[in-house]
Amino acid sequence: MNVFATYASRNENFGYSNVSYFLGKEMTELLNKRLTCEQTDRLIEALGGNARVGRAVGVTSQAVSKWRRQGLPQVRFAQIFCIFGKEPTVLSIAAEQPALLRPQTECEG
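Before going into details, it helps to say that this report is about the structure given with it. Fair warning: this is a prediction, and the values are worked out from it, not measured in the lab. (Residues numbered from 1 in each chain as written. Predicted model: local features only at pLDDT ≥ 70, side-chain atom pairs only at ≥ 80, totals over all residues. Heavy atoms only, no water.)

### Considering helix H6 (residues 61-70)
Turning to H6, its buried residues are Val64, Trp67, Arg68 and Gln70. In this structure, the buried residues of H6 make contact with helix H4 (37-46), helix H5 (50-57) and helix H7 (74-84). Looking at the residues trailing H6, positive phi occurs at Gly71, about 95°. (Buried < 20%, exposed > 50% of the residue type's maximum accessible area, 1.4 Å probe, protein only. Helix = DSSP H or I, 4+ residues; strand = E, 2+ residues; numbered from the N terminus. Contact = heavy atoms within 4.5 Å.)

Structure, rendered in structure tokens:
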């Protein structure tokens, strides 16, 4: 077990700020960057909906629904790009970089 997992298993108050401590500021900022909600909706719809995207990347359709509300994390977009990279919508959103990345916030609606 690594130091991170050991600490997490022994500390019931382990939370997001502890993750920042272990990963460092740059990595935490990278993990917080997301597509906009509009881009996320456009992408998921073009790829066949929550269930298809979820199956492709190994998450539940509920997780994909959460991405629609909060924006797709950059790391998941990279995974989707590897799987669906030839799809026109994926290429279009990739071409919008670096503007597609923003700090994590809740989306309205």
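### Points about H4
Every buried residue belonging to H4 is among Cys37, Gln39, Thr40, Leu43 and Ile44, and all of these are buried. The buried residues of H4 occupy an angular sector of 160° when projected down its axis, which confines them to one face. Tucked inside the fold, the buried residues of H4 contact H5, H6, H7 and helix H8 (88-95). Downstream of H4 by a residue or two, Gly48 has a phi angle that is positive, lying close to 110°. (Arc of directions from axis to C-beta.)

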